[in-house]
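Inside the fold
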Amino acid sequence: MTRTTPPRPLDITELFPELREHSATATRLHPRPGMPTAADSSVGGPLLWPADEAWPVCIDGDAHYIFRLRTPSTVRRSREIYAAAQARADATGTRYALTDEERAQLPGLDFSEPHSLVNQPISLVPVAQLYRRDVPDFTGPDGADLLQVLWCPLDHPEEGYNPRVRLYWRQSADVSRPLAAAPEPPVVNDSYLPTPCVVYPEQIREYQYGGLLPEELDARITAWEEETEEESDDEEGIDYQFDLSLAPGWKVGGFANWSLTDPHPVDCTECGTAMTLLFTADSGEWHGSGGSWRPVEDPAEAPPNPTDVSIGRGYALYIFRCPVSFDHPPATAMQ
Ligand SMILES: [Zn+2]
Ligand SMILES: [Zn+2]
């Protein structure tokens, strides 16, 4: 099984050859629910972690912004219930509905576990594990063949009310005695607990966000967009930002889409160098059921958010690394 991004509606470099200078590859991960093992690349799957290395925790306690706390097992149980109801509806062609018994097992919308639980050490949760062999756009220190992305699954005010990310690069052969089972946090924000997914990496090409192109080139692209919009029958035309330049969804490498706030510099807190995009966690894999980025293997009714991760109001969390040193801390931006 693979996942294949449909060809773009047109090759934008035929119209604007200069864009080749503002281009990069990215690897779309195409996460889909499954049962990955620690030997697999995954989103939200088990990590190959040395048994003698302490599992990272967050001890920010009261400094977290506390919203609606759930235990990881409650989150998983709720998702099973919703999935069962959906499967029933699909199989019988009836309207999606929960049974009374299922409804009774779901926590109320406003329910929260006791807030004091955030004062315990919060074990970080696995967000992604990527083996170099699977990801064409993998970058890491020499010799490293494994990148592990973890985050604290609670809201951090100093991170723009997002999870706080930590990155680990390893040489998988060094992990001779792997940890059998990772510790779990007592509570999470359910938006930050990924459903375990296998990945179907696919390399694609991206073009820089319009606002970061030379001004003159950006202006010509905008003028062309307006022109095609006028000419097209459905008054939609083709959009550089949505259809031609940047892929939505979980990916490695490529460029950030700055459409929420407009671009702002992301510089390393350690050395001041401008950082590069390493990894993207997204709230959706494509824009709507007619989205041009939906892989050809996925039907129009396929759920667009297979990981169940949600960033802000359906945005993406961009994770940047310092090009000077893999030891410098990552930075994030929500867009
Ligand atoms: Zn935290
Ligand atoms: Zn740096």
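Our structure's up above, just so we're on the same page.
Before going into details, it helps to say that this report is about the structure given with it.

Calculation criteria
- Residues numbered from 1 in each chain as written.
- Chains lettered and ligands numbered in written order.
- Predicted model: local features only at pLDDT ≥ 70, side-chain atom pairs only at ≥ 80, totals over all residues.
- Heavy atoms only, no water.
- Phe/Tyr/Trp six-rings, centres within 6.5 Å; stacked < 30°, edge-to-face > 60°.
- Helix = DSSP H or I, 4+ residues; strand = E, 2+ residues; numbered from the N terminus.
- Buried < 20%, exposed > 50% of the residue type's maximum accessible area, 1.4 Å probe, protein only.
- Lys NZ or Arg CZ within 6 Å of the ring centre and 35° of its normal.
- Donors = N, O, S within 2.8 Å, 3.2 Å for Na, K, Ca; no water.
- Tetrahedral: all angles 85-135°; square planar, octahedral: opposite > 155°, others 65-115°.
- Pairing = 2+ DSSP bridges.
- Polar contact = N/O pair within 3.5 Å; in protein donor to acceptor, adjacent residues only side chain to side chain.
- Contact = heavy atoms within 4.5 Å.
- Salt bridge = Lys/Arg side-chain N within 4 Å of Asp/Glu carboxyl O.

A word on the packing of aromatic side chains
Overall, the coordinates contain eight aromatic pairs when judged by the stated rule. Ring geometry for Trp-49 against Tyr-168: centres 5.0 Å apart, planes inclined by 70°, an arrangement best described as edge-to-face. Of the two residues, Trp-49 is situated in the loop between β3 (42–43) and β4 (57–58) and Tyr-168 in strand β8 (residues 162–170); the sequence distance between them amounts to 119 residues. Grouping residues by exposure puts Trp-49 and Tyr-168 together as buried. Taken together, Trp-49, Trp-55 and Tyr-168 form an aromatic cluster joined through their ring pairs. Positioned above the aromatic ring of Trp-293, the side-chain terminus of Arg-8 is 3.6 Å from the ring centre.

Considering the coordination of the zinc ion (ligand 1)
Six octahedral donors around a metal ideally subtend angles of 90 or 180 degrees, whereas four tetrahedral donors ideally subtend 109.5 degrees. Within the protein, the atoms that donate to the zinc ion (ligand 1) are Cys-58 (SG), His-64 (NE2), Cys-152 (SG) and His-156 (NE2), at distances of 2.0 to 2.3 Å. Metal-centred angles of 100 to 121° between the four donor atoms at the zinc ion (ligand 1) mark the site as tetrahedral. The sequence pattern formed by the donor residues of the zinc ion (ligand 1) is C-x5-H-x87-C-x3-H. In this pair, Cys-58 sits in strand β4 while Cys-152 sits in strand β7 (residues 146–156), placing the two residues 94 residues apart along the sequence. Since its relative accessible area comes to 4%, Cys-58 is described here as buried.

A short note on the sheet that holds strand β6 (residues 125–131)
Across the sheet, which stays open at both edges, the six strands sit in the order β2-β9-β3-β6-β7-β8 with antiparallel pairing between neighbours. In this open sheet, the two edge strands, each paired with only one partner strand, are β2 (32–33) and β8. In this sheet, β8 lies alongside β7 in antiparallel orientation, the contact comprising eight bridges. Bridge pairing in β8 links Leu-147 to Trp-169.

Here we look at the coordination of the zinc ion (ligand 2)
Bound to the zinc ion (ligand 2) are the protein donor atoms Cys-268 (SG), Cys-271 (SG), Cys-322 (SG) and His-328 (ND1), situated 2.1 to 2.3 Å from the metal. The coordination sphere of the zinc ion (ligand 2) comprises four donor atoms, whose angles at the metal cover 106 to 113°; the geometry is tetrahedral. In primary-sequence terms, the residues that donate to the zinc ion (ligand 2) follow C-x2-C-x50-C-x5-H. In this structure, Cys-322 and His-328 share a single accessibility class: buried.

Quick look at the side chain of Arg-70
Relative to the helices and strands, Arg-70 is located in the loop between β4 and α2 (72–92). A polar contact of 3.1 Å, which involves the side chain of Arg-70, links it to the backbone oxygen of Gly-108. Leave out the neighbours within four places in its chain, and Arg-70 touches Val-75, Pro-107, Gly-108, Leu-109, Phe-111, Glu-113, Pro-186, Val-187, Val-188 and Asp-190.

Regarding the environment of Tyr-207
With respect to the secondary-structure elements, Tyr-207 resides in strand β10 (residues 202–207). With a relative accessible area of 9%, Tyr-207 lands in the buried category. The sequence separation of Tyr-207 and Thr-13 amounts to 194 residues, and the corresponding C-alpha distance is 9.5 Å. Once residues lying within four places of it in the same chain are set aside, the contact partners of Tyr-207 are Ile-12, Thr-13, Leu-19, His-22, Ser-23, Tyr-240, Leu-244, Ser-245, Leu-246 and Phe-255.

Section: the pattern of salt bridges
Scanning all chains against the criterion turns up 16 salt bridges. In this structure, Arg-76 and Glu-184 form a salt bridge, with 2.5 Å as the shortest nitrogen-oxygen distance. Of the two residues, Arg-76 is situated in helix α2 and Glu-184 in the loop between β8 and β9 (197–198); the sequence distance between them amounts to 108 residues. The exposure class assigned to Arg-76 is partly exposed, which follows from its relative accessible area of 35%. By relative accessible area, Glu-184 is classed as partly exposed at 42%. Glu-80 serves as the salt-bridge partner of Arg-77, at 2.9 Å between the closest nitrogen and oxygen. Linking Arg-77 with Glu-80, this pair stays in helix α2, spanning three residues, or about one helical turn. One connected set of salt bridges, linked through shared partners, spans Asp-60, Glu-158, Glu-159 and Arg-164.

Side note on the pairing of strand β12 (residues 276–282)
The element β12 is largely enclosed, with a buried count of six among its seven residues. Pairing analysis gives two bridges linking strand β11 (residues 251–253) to β12, with the strands arranged antiparallel. Pairing of Lys-251 across the sheet is with Thr-280, part of β12. Strand direction decides the pairing type here: β12 and strand β13 (residues 316–321), joined by six bridges, are antiparallel. Its bridge partner being in β13, Ala-281 is matched across the sheet by Leu-317.

This is a description of form; function is not addressed.
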